[in-house]
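# Fold and contact review
Residues per chain are reported as follows:
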Amino acid sequence: MADDLAPHLPDSKAGAELPGSTISRKIAIVFSVILVFAVANLMVVRVMLDNVNGVAETVSVAGKLRMLSQKIAFEASKAMQLPGAGKAGVQAAMNDFDTALKALAGGGEAFGYRIEMLSQPHLARLDAIRADWRLYRSEVEAVLQGHASEGSTLRITDGAARVLADAESLVGSLTEAASREQERALMKMHALLLLDALVLAAVFVLVRKRIVQPLRELAERSDDLASGNYHVSVDCNSNDEIGMLAGRFNDSARRIGELINRIDQERLSLQQAESMFRGFAENSVVGVYIAQHGRFRFVNPKMAQIFGYTPEEMTAAVAVYDLVVDSDRGIVEENVQRRLRGEINEVHYERRARRKDGTLFDVEVFGSTMQIDGENATIGIMLDISERKRLDLALRALSASNQALVRATDETALLTEICQIFRDISGFPFAWVGFAEDGAERKVRPAAMAEVEEGALVATLNHVTWGNEPTARGVTGTAIREGRVAVVHDMQTGAVHAPWREFMVRHRIVSAMSLPLKAGNAILGALTIYSHEANAFGPDEVRVAEELADNLAYGITALRAEAARRKYAQQLEYHAGHDILTGLPNRALLQDRLNQAIAYASRYCYSVWVLFVDLDRFKFVNDSLGHKAGDIVLNSVAARLQAAVRESDTVARLGGDEFVLVLPERLDERLTTTVVQRIMDAVAEPLVVDGHEFFLGCSTGVAVYPTDGDDPETLIKNADIAMYRAKESGRNNFQFYTAAMNERLLERLRIESDLRNALERNEFVLHYQPQIDLETGRTVGMEALIRWQHPSLGMIPPLRFIGLAEETGLIVPIGEWVLRTACAQAAAWQRAGLGPLRVGVNLSARQFAQHDLVNVIAGTLQETGLAPHLLELELTESLVMTDVDRAIGLLGELKALGVQLSLDDFGTGHSSLSYLKRLPIDALKIDQSFVRDITLTPDDAAIVASIISLAHNLRRHVIAEGVETHEQLIYLQNHGCNEMQGYYFSKPVPPDVFERLLRQDTRTPASTN
C-alpha cells in the first residue's frame, strides 16, 4: 500500500540523459557565428587597407620618375660643363629610373614600396614614358661618353621635359585611381557595419524567443501548481534543457494530480487491509510480531506458542530482549537500531532464542521497518527451525566427513578430523572414536577425540568397556556389543551411566549417541557423540549419522589396507638401501650416494672426503656385555655420527663396527681436519650401556676425491687402508691416505700371516727395563716388554704388531705367554739370589675382557711360583674407563689375589677423580709425553707436579716413565716422585744383559746436583 502511494518518478538514470540540442550548444553556435563575422570584418578591412596602401605607394614610385628625370638633366649639364664630373651620379639616377619603370610595368618591390599591377590605361601612359626615356637616355649616355655636340644640351632639355610631362600624366592618372579606391573601401566598411547590426538584432530576437519567454512561462505555471492547480502545463517544444524541464514539469503536475486521487482511494481501503492483516496473522502457521520501543505491540498465537507464552503475556510483560540469548543480545540490539535508523530496511538471520522455561532453540527471523503513530517500529515473522537446523548440521557434518574420507591418507588424522567436524560443525561438546579390544577386559581404546575442554574426556574414557560388566552398559559399550546405534536421553539420571555421572553433570551432558563402526561382520569400535540437549538426536539425525559411520568404517578399512601395503613396500625399499640395525645407508646406498657426490664434485670442481671409521675396543663391549649391548653401542654411535655432520652428508654402516662417511665440499663450507676431529670427539663421549659407562674411541682413515681415487670402490678401499694406518699409529686418531700406505698394507698382511705362527716358533722374546727407587737408588722392579725376533725382518718392535695382534685376537695367547714368561723369569732371578724384584706386565683390552682373567693369572702365579705381590699388572686409563663399573669389580678380584695394580700412561686418557679414588690401584705411571719436557715447558712441569701430589694424596705410588736426562731426574726427585724408568738408567734389554745389571747392583744416588 505504501508503495502505491509513493510517486512513480522516472528512472533517475534515464532522466539524466541530456537532449540532443542543449542551451550551451546553441550559445556556442551563436558565439561562433559572431566570431566568424568579426574575423571576416577584420580580414575585409585588412584587404581594403592593403589595396589603398598599394595604390599610394605606386603613386610615390611614379612621382619618383619626375624627380629622376630632372636630376638626370641637371647632372648631365654639369658633366658637359666640367668633363669627368657628375658621371657617377648620372649613371645611378639612370639606373634608378630603369628600376622604377620595371617595377611599374610588372609590379613588386622597389625603393621599399609595394607596387600594384597597373591597369591598361596606366600602362599606355607608361609606354609613352618608355619611348621618350629611350631617346632621352641615349642623349645622356652620349654626353657621358664624351660625344656631346652643340645641340646636345638642347636635346637633353627637351627630352627631360617630355619625360617629365609623361610622368606628370601618369601620376595624375594614378592619383585619381587612388581616390576612387578609397571611396569604395569606405562604402564597404559601412556595409559591414550594417550587416553586423542585423546579425546582433537577429541573435537578440532568437534568445528572447527560445530562452527568456519559455522560462517566464515556466515560472508562471509553477506559481499555479503551488496554488493547487494540478492540471497546468507548459507549452514548450524546444529540444533543449528548457524543453526537458517543461516536459518534467508537465509530467510531475500530472502525477501529483494522480497521486492525490489515489490517496483518496487508498484511505478508503486502508481499514479493509488492516482487517485482512489481522485475519492472516491470527491464523498464520508462523510467528508474526510487531515491536516498538523494545516491547511487543502485537504477537499472533503461533508466536506466543513458539515461546511458551500466551499472546497477552507477551504484549503485556515480555520485552523483546527477554527472548534473546545473552551472547547475541548486542548483535540483535544493533540490528534493531540500524533498522529503526533507516540504515537497513529488511533483515533475515538465524539466532538462538530463549523460551519461557529457559530452554534455548534455533529460530529464523524475517523483519522489516514500519511506521506506527509516526514512529519507527519493526514487523516480522519468526520460525522454529530447531529440527531443520539439526538435520542441516547433520548433513553438513556428513558432507564434510565424506570430503575428509576422500582426501584421507592417515587413519589417526582422519578420525581426529571426524571428531572435530562434530565439535565444530554440529556443535557437540565432545566426540570420540574408540576401538574395541579383544582382550579379557574388553576395553574400548580411544583412538581420537575432540573436546571443548582439553583433557576433560581422557580420564572418563579409561572406564569404558564393551563386555557384560557395569562399565560396558554405557552408550559406547552397548553400541559395540549389540552392533546397533545407541541413543540415550537421560545421561545424568540413568542408573547405567553412574560410572560417568560426575563427568556428565560437570559438563552438562544430557544426551548421547554411539554409532558402531562395522567392517563386514566385525565391529571395529564406535563413534560416540555427547550433547547438551535432551532431544539432540532425532530419527533424521540418527539416519544421517548411521550413513556417516558406515562410510567411516569403510574408510578405516581402506586406509589400513593401504597403510599395510605402503608400509610393506617402504620396508622393502628401505631395507634394500639401509642397514637393518642402525637405519643408516648400507653399502649399496653408499655406492649411489658416493657416485652422486663424485658427479657433483666433478661438475663444480669440488673435493669429496670419504671417512672410514672403525670403533676402537668395540669387541671388548661385545665380549663383556654381549651382542645386545653391542647393538646399543652401534646405534648410539650411528646417532652421534649423524648429529656431527651436515644434512647433505652421508653416514653409512658397512658392517660390524665399520662406518663410512661421505662429506662433499661446498663453496661456502670448505672441509678441514677440524671436521674430522669433531666427528671423532662425538664418538669419544662417554656412553652408558646397562649401567656400565664406556669410553670408546675410533680410528679414522680419510681418502679425498679426486686425489685418492675417482670411483667409490677405490675411495672406500683407500680410506680403509688409511684407517688401518690410524690403528697402527696408536688408535683414536685419523690418517689421510697416501700411496705409501699400500706398501704398509702389504707389509701388514705379511706380518699378520707370520704373527699367527710366531708363538709356535718361539719367535717372541722379552726385554726388561729396570725401575729405580729414587730414595734408595736401587732397582726395585722391572717392566717386561715383548719383542718379535722375525726370521727375515729382524727384531720387530711391539708398535708394529701389537695393534694387529689386538685386532686378530692373537693378543690373548701372546699376552698369556708374556705373563707366564715374565713371572717365571722373576721367580728364577729371585731363586738365584738377585733379590725379590717386582715385574710389571701390560694387560691388553682383549685380555681384560676375558671372563677367566683372574683364574688365568692365579694359575700362572701358582705355576711359576712367583709371589703375588711381586707381579704388577699395568692397565691403561682408556682400558679401565671403557667400562668403569666392571673394571672396578674385576680389579677388586685381582687385588684379592695379592697382585700389584698400576695405571699406565696416566694423564692421557679420560679418567676422573671420582673414578680414580674408587679404583683399587697401587701406582700411577706418569706418561713419558709429560716427562719429556718438564724442564722446558712450564705446563708439563706443572702437570707432572700435580700428578705426583694427587697420587700421594690418594696414597698411591708414583712411577715416572721416559726419564732420559739428569735435569728430569732432579726435577722428579725434588717433587717427591717414588720411582723412575727410562733411557737415563737403561733401555729395555734382553734377560742376560738385565741379569748382569742386577749382579753389578748399579745404584742411582739419592741426590744429584
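It should be emphasised that the depicted structure is a prediction, and the values quoted were computed from it without experimental measurement. Along each chain, numbering runs from 1 in the same order as the chain's sequence is written. Local features in this predicted model are restricted to residues whose pLDDT is 70 or higher, and side-chain atom pairs enter the listing and the counts only when it is 80 or higher, whereas totals over whole chains, interfaces and linings include all residues. Derived side-chain values reflect all non-hydrogen atoms in the structure, with water molecules and hydrogen atoms excluded from consideration.

## Regarding the UniProt feature "domain: PAC" (unreviewed entry) in the protein
UniProt positions are given in the numbering used here, feature names are shortened, and annotations may be inferred rather than shown by experiment. Those places that UniProt annotates as "domain: PAC" (unreviewed entry) correspond, in this numbering, to residues 347–397. Think of it this way: any DSSP run of H or I at least four residues long counts as a helix, any run of E at least two long counts as a strand, and we number them from the N terminus. Overall, residues 347–397 shows 24% helix and 61% strand. The separation of its end C-alpha atoms is 27 Å.

## Structural notes on the nonpolar core
One finds Phe659, Leu661, Phe848, Leu871 and Leu972 to be the most contacted residues of the largest nonpolar core, which totals 116 residues. Residue contributions to this core peak at eleven residues, all from helix α24 (residues 811–831). Here the bounds of each domain stem from an automatic or database domain assignment. Split by domain, this core shows at least three residues from each of two domains, domain 4 (585–737) and domain 5 (769–785 + 809–1001). Among residues more than four places away in sequence, those in contact with Leu871 are Leu819, Cys823, Val839, Val841, Ile857, Leu861, Leu866, Val899 and Gln900. One finds Ala404, Ala431, Ile529 and Val542 within the second-largest nonpolar core, a separate group that totals 37 residues. By nonpolar core we mean a set of buried residues, namely Ala, Val, Leu, Ile, Met, Phe, Trp, Tyr and Cys, connected to one another through side-chain atoms within 4.5 Å. For every residue, the accessible area (1.4 Å probe, protein chains only) is compared with the maximum for its type, and the residue is labelled buried under 20%, exposed over 50%, or partly exposed between those bounds. The contact rule is simple, with two residues in contact once any of their heavy atoms fall within 4.5 Å.

## Some details on the pairing of strand β18 (residues 697–705)
With nine of nine residues buried, β18 is to be regarded as a mostly interior element. Note: strand β13 (residues 608–616) against β18, nine bridges, orientation antiparallel. Its bridge partner lying in β18, Asp614 is registered against Ser699. Sheet topology places β18 next to strand β19 (residues 734–736); three bridges connect them, and they run parallel. Counted as the bridge partner of Gly701 is Gln735 from β19. Handedness of the crossover is the feature at issue here: the chain leaves β18, passes through helix α21 (residues 712–728), returns alongside β19, and the resulting connection is left-handed. What makes two strands pair is DSSP finding at least two bridges between them. Note on handedness: a clockwise path from strand one over the helix to strand two, with the strands aimed away from the viewer, defines a right-handed crossover.

## Examining the environment of Ile948
Residue position: Ile948 is located in helix α31 (residues 938–953). Judged by its relative accessible area of 1%, Ile948 is buried. Not counting residues up to four positions away in its chain, the partners in contact with Ile948 are Ile926, Val958, Leu972, His975, Gly976 and Cys977.

## Examining the domain arrangement of the protein
If you check the domain split of the protein, you get domain 1 (23–211), domain 2 (284–388), domain 3 (408–567), domain 4 (585–737) and domain 5 (769–785 + 809–1001). Taking only C-alpha atoms, the centre of domain 1 and the centre of domain 2 are 106 Å apart.

## A closer look at helix α4 (residues 87–106)
Each α-helix winds once per 3.6 residues, and so residues spaced three or four apart point in a common direction. Expected helix span is computed as 1.5 Å times (number of residues minus one). An ideal rise of 1.5 Å per residue puts 28 Å on 20 residues; α4 measures up with 29 Å between its terminal C-alpha atoms. Phi turns positive one or two residues past the end of α4, at Gly107, with a value near 75°.

## A closer look at the sheet that holds strand β12 (residues 522–531)
Across the sheet, five strands lie side by side as β9-β8-β12-β11-β10; this open sheet has antiparallel pairing. In this open sheet, the two edge strands, each paired with only one partner strand, are β9 (444–451) and β10 (486–488). When the angles between neighbouring strand axes are averaged without regard to direction, this sheet yields 15°. Bridge count between strand β11 (residues 511–519) and β12: nine bridges; the pairing is antiparallel. Counted as the bridge partner of Ser514 is Thr528 from β12. Only the stretch in contact is used when fitting a helix axis, every axis being a line fitted to C-alpha atoms; angles between N-to-C directions are given from 0 to 180 degrees. Against the sheet, helix α14 (residues 475–482) makes contact with β8 (430–436), β9, β10, β11 and β12, and its axis sits at roughly 150° relative to β12, the strand it touches most.

## Considering the confidence of the model for the protein
The predictor rates its confidence in each residue with pLDDT, a number between 0 and 100. Averaged over the protein, the pLDDT score is 82; the fraction of residues at 70 or greater is 93%. Scored below 50 in pLDDT, residues 12–16 shows three contacts in the model against residues more than four places distant or in partner chains. Predicted confidence is poor over residues 1002–1009, with pLDDT under 50, and the contacts of this stretch with residues over four places away or in other chains come to 22 contacts.

## What about the pattern of salt bridges?
Any Lys or Arg side-chain nitrogen found within 4 Å of a carboxyl oxygen on Asp or Glu counts as a salt bridge. Counted under the stated rule, the structure contains 28 salt bridges. As a salt-bridge pair, Asp579 and Arg653 come within 3.0 Å of each other at their nearest N and O atoms. With Asp579 in the loop between α16 (539–577) and α17 (587–604) and Arg653 in strand β14 (residues 650–655), the pair connects residues that are 74 residues apart, well separated along the chain. Assessed through its relative accessible area of 14%, Asp579 is described here as buried.

## Some remarks on the environment of Glu417
Structurally, Glu417 can be placed in helix α12 (residues 411–424). Along the chain, Glu417 and Tyr768 lie 351 residues apart, while their C-alpha atoms are 79 Å from each other. In contact with Glu417, not counting residues within four places along its chain, are Ala404 and Arg407.

## Considerations on the packing of α17 against α21
At a minimum axis distance of 9 Å, the contact between α17 and α21 shows a crossing angle of 105°. Between α17 and α21, the crossing angle belongs to the class labelled roughly perpendicular. Contact residues: Leu590, Gln591, Leu594, Asn595 and Ile598 in α17; Pro712, Glu713, Leu715 and Ile716 in α21. Residues are grouped as follows: Ala, Val, Leu, Ile, Met, Phe, Trp, Tyr, Cys and Pro are nonpolar; Asp, Glu, Lys and Arg are charged; all remaining types, including Gly, are polar. Looking at the contact of α17 with α21, its residues break down into six nonpolar, two polar and one charged. Roughly parallel covers angles under 35 degrees, roughly antiparallel covers those over 145, roughly perpendicular covers 65 to 115, and oblique covers all other angles.

## Here's the deal with the packing of helix α18 (residues 618–625) against helix α19 (residues 627–644)
Two elements in contact, α18 and α19, have axes separated by 7 Å at closest approach and are oriented at 145°. Taking contact as the criterion, the partners of Phe618, Val621, Asn622 and Leu625 in α18 are, on α19, His627, Ala629, Gly630, Val633 and Leu634. Considered class by class, the residues forming the contact of α18 with α19 number six nonpolar, three polar and no charged.

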